[in-house]
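Overview (structure and organization)
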There are 4 protein chains.
Amino acid sequence: MNRLTSNYHLISGELTGFGHRLLVRVYFEDTDFSGVVYHARFLHFLERGRSDFLRLKGIGHQELADGLYGEPMAFVVRHMDIDFLRPARIDEVLSVETRTALLGGARIVLHQRVLRGDEILIEAKVKVAVISPEGKPRRMPEAVSAILAVEAAGG
Amino acid sequence: MNRLTSNYHLISGELTGFGHRLLVRVYFEDTDFSGVVYHARFLHFLERGRSDFLRLKGIGHQELADGLYGEPMAFVVRHMDIDFLRPARIDEVLSVETRTALLGGARIVLHQRVLRGDEILIEAKVKVAVISPEGKPRRMPEAVSAILAVEAAGG
Amino acid sequence: MNRLTSNYHLISGELTGFGHRLLVRVYFEDTDFSGVVYHARFLHFLERGRSDFLRLKGIGHQELADGLYGEPMAFVVRHMDIDFLRPARIDEVLSVETRTALLGGARIVLHQRVLRGDEILIEAKVKVAVISPEGKPRRMPEAVSAILAVEAAGG
Amino acid sequence: MNRLTSNYHLISGELTGFGHRLLVRVYFEDTDFSGVVYHARFLHFLERGRSDFLRLKGIGHQELADGLYGEPMAFVVRHMDIDFLRPARIDEVLSVETRTALLGGARIVLHQRVLRGDEILIEAKVKVAVISPEGKPRRMPEAVSAILAVEAAGG
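None of these values were measured; they are calculated from a predicted model. (Residues numbered from 1 in each chain as written. Chains lettered and ligands numbered in written order. Predicted model: local features only at pLDDT ≥ 70, side-chain atom pairs only at ≥ 80, totals over all residues. Heavy atoms only, no water.)

1. Observations regarding the side chain of S95 of chain A
Here S95 of chain A is to be found in strand β4 (residues 93-104). Setting aside its immediate chain neighbours within four residues, S95 of chain A contacts R21, L22, L23, R113, V114 and L115 of chain A. (Helix = DSSP H or I, 4+ residues; strand = E, 2+ residues; numbered from the N terminus. Contact = heavy atoms within 4.5 Å.)

2. Observations regarding helix α2 (residues 41-56) of chain B
Residue and element names in this part refer to chain B. For α2, built from 16 residues, the straight-helix expectation of 22 Å at 1.5 Å per residue is met to within 8% by its first-to-last C-alpha distance of 23 Å. Within α2, 15 of the 16 residues are buried, which leaves the element mostly enclosed by the surrounding structure. Of the residues trailing α2, G58 is marked for its positive phi of about 95 degrees. (Expected span 1.5 Å × (residues − 1). Buried < 20%, exposed > 50% of the residue type's maximum accessible area, 1.4 Å probe, protein only.)

3. Some remarks on the pattern of salt bridges
On inspection of all chains with the given rule, the structure shows 56 salt bridges over all chains. Where E29 of chain D meets R41 of chain A, a salt bridge forms, and the shortest distance between an N and an O atom there is 3.5 Å. Within this pair, whereas E29 of chain D is found in the loop between β2 (20-25) and α2 (41-56), its partner R41 of chain A is found in helix α2 (residues 41-56), the two belonging to separate chains. The residues E29 of chain D and R41 of chain A share a single accessibility class, namely buried. Notably, a salt bridge pairs E71 of chain A with R138 of chain A, separated by 3.1 Å at the nearest N-O pair. Of the two residues, E71 of chain A is situated in the loop between α3 (61-65) and β3 (74-84) and R138 of chain A in strand β7 (residues 137-138); the sequence distance between them amounts to 67 residues. Relative accessible area serves as the criterion here: at 33%, E71 of chain A is assigned to the partly exposed category. Relative accessible area serves as the criterion here: at 26%, R138 of chain A is assigned to the partly exposed category. Each member of the salt-bridge network shares a partner with another, and the members are E29, D30, R41 and R48 of chain A together with E29, D30, R41 and R48 of chain D. (Salt bridge = Lys/Arg side-chain N within 4 Å of Asp/Glu carboxyl O.)

4. Notes on the pairing of strand β6 (residues 119-131) of chain A
Residues and elements named next belong to chain A. With 10 bridges connecting them, β3 and β6 associate as antiparallel partners. Following the sheet pairing, F84 is matched in β6 by I122. With 10 bridges connecting them, strand β5 (residues 107-116) and β6 associate as antiparallel partners. Across the sheet, the residue bridging to R113 is E123, located in β6. The turn joining β5 and β6, which pair antiparallel and follow one another in sequence, is formed by two residues; a positive phi near 65 degrees is taken by G117. Here β6 pairs with β7 via two bridges, running antiparallel. Paired with I131 across the strands is P137, a residue of β7. Hairpin geometry of β6 and β7 is characterised by an intervening segment of five residues between the two adjacent antiparallel strands and by a positive phi of about 95 degrees at G135. (Pairing = 2+ DSSP bridges.)

5. Side note on the relation of the copies chain C and chain A
When chain C is brought onto chain A, the operation consists of a screw motion whose angular component is 180 degrees and whose axial shift is 0.0 Å, with 0.0 Å RMSD remaining. Such values leave the two copies arranged in the relation of a two-fold axis. Of every C-alpha in chain C, the one belonging to D32 of chain C sits nearest the axis of rotation, 1.9 Å from it. (Least-squares fit on C-alpha atoms with pLDDT ≥ 70 in both.)

6. Concerning the confidence of the model for chain A
The share of residues in chain A with pLDDT of 70 or more is 88%, and the mean pLDDT across the chain is 86. Prediction confidence for the complex, expressed as pTM and ipTM, is 0.92 and 0.89 respectively. (pLDDT = per-residue confidence, 0-100.)

7. Some points on the interface of chain A and chain D
Opposite the 34 residues of chain A that make contact, chain D presents 34 residues. The contact between chain A and chain D buries some 3,600 Å² in all, and 57% of this surface belongs to carbon and sulfur atoms. Linking chain A with chain D are six salt bridges. One salt bridge connects E29 of chain A with R48 of chain D, and the closest N-O pair in it is separated by 2.6 Å. The tally of links from chain A across to chain D stands at 15 residue pairs in polar contact (both at pLDDT 80 or more). Counting residues per element, the ones that place at least two in the side of chain A that touches chain D are α1 (2-6), β2 (20-25), α2 and α3 of chain A. Sort the elements by how many residues they give to the side of chain A that touches chain D and α2 of chain A lands first, with seven residues. (Buried area = accessible area lost by both parts, 1.4 Å probe. Polar contact = N/O pair within 3.5 Å; in protein donor to acceptor, adjacent residues only side chain to side chain.)

8. What to know about the packing of aromatic side chains
Inspection of the entire model under this criterion finds 12 aromatic pairs over all chains. Taking 5.2 Å as the distance between ring centres and 70 degrees as the angle between the ring planes, the aromatic pair formed by F33 of chain A and F28 of chain C counts as edge-to-face. Taken together, the residues F33 of chain A in the loop between β2 and α2 and F28 of chain C in the loop between β2 (20-25) and α2 (41-56) connect one chain to another. Classification of F28 of chain C by relative accessible area gives buried; the value is 6%. Arranged with centres 6.4 Å apart and planes meeting at 55 degrees, the rings of F42 of chain C and F84 of chain C form a pair that is tilted. Here F84 of chain C lies in strand β3 (residues 74-84) and F42 of chain C lies in helix α2, a separation of 42 residues in the sequence. Site record: aromatic cluster; members linked through ring pairs are F42, F45 and F84 of chain A. Positioned over the ring face of F18 of chain C is R99 of chain C, at 3.9 Å from the centre of the ring. (Phe/Tyr/Trp six-rings, centres within 6.5 Å; stacked < 30°, edge-to-face > 60°. Lys NZ or Arg CZ within 6 Å of the ring centre and 35° of its normal.)

And the structure:
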């Protein structure tokens, strides 16, 4: 398990000057009978990008749920504005780019794109918040907002 | 198979004064580890509403793909603006409401909502277009736009 | 919301002499680029059938999770033997049949089929068990096994 | 895009002595409200393993569909026997192992496992066949069976 293991971290993508980039493969499961990627699947790709961005910054969903940041909580998407510009097809490798655009209280706004090479397929603005296990809005933990605020300022 | 069969059409929801309403059940598959419905699943529910609205108006995806409306084509989502207002949970029955809001050329704008009883969980504006099997934009067939234009005018 | 509401219960299918039958519609989300239903989607259809069978017998997943049957628990699939006999396509209405085949301790074996009219598309044997929130095996609650044992004896 | 690009091929996993190994990450989308990975999602992981195994052997789904191997065709799953031994959770990295076990006519049998470290979570025997776009069984192309037969003999 040498080569794969030594590059183990690569499946989480990489931090970049603007935020984060993740490669995703289009599999059977992502396509529909019209021959291209089913539109809702792009939201999965975007969520993978957000999760891996946080992961490389040291924040895991399980740790959030376990209360390691003050109390148990989870990220939720509050609003999404998304353009489906071009279709993607089976076997293609796409890249998901994530930028922190704005930050306040319990909310983050992320700018995300899905590209095939230099072609932009998807553009999305995503408002994210943190909630308690009962679904109540929670203030973003300092540890989380500090990390993301830097990105927003720098991006 | 009497009772079920006699109500066979019900799984396509019903046409209403404003457009269409469909009931959907939340199953295991729709939830995630945070305990509520995974955000992208609501796009599936919305798509079921749109498909069944067209179905009750006499338009099937297979017929569109087979070229019964002039040439082979399929619906695609071009843009979505979506508010995730409240969470939904396992076992709940939700209703998906679909309204035709505007119509032009190869595009339809639909207003859609997901409710639990009278509570609005999701609000979305969805731009839809028709494309060829190769992904080229196609003009909406008269038969399709005629049906939907009436709704837009009346709604 | 009259007609739909008065038939509200229909989206849970119906109890039959052999167990349970549920109608499911094939939507965009269920298909893949080869033009037919993606194989793993049939497992979703089967799970909907099992859930609605239990539901009509008075057992909800949320109630199980909330500990109304002694302690918090959830159903899990332990083993599945599944034949994919024929493909299904967009817009089709399929029926999911569920039979309780055998019962012991913390386990149920269910026989399930997916049909299009009289044609069998899928046949599956599914071993199900109950576990605690930490994933530990739990004994099937009496209330649950009593209901299902009758089915197994009668079926 | 330097580090990521130079390791671009890694998202397809790697060929091994026994066949193929692929790392997959568990995301929100893969879990359900019981806190663990939804059972049907493992079939997606297995399918990604099979697809990437074929990919690294030079066989792409799009090329198969485009008729580069004699006539247009696609892989389908005919039968699956699957044990769900242990649950997987959010954020975990799993490995999918694929072995060619047997080969005849239009069919391949693959042995697949999903592991977390050395722990086996899932074991599956998967019968795969090739079909025409109309769903008719087709003989496995020589180019495909030659590649896979070697594996079966060697594994």
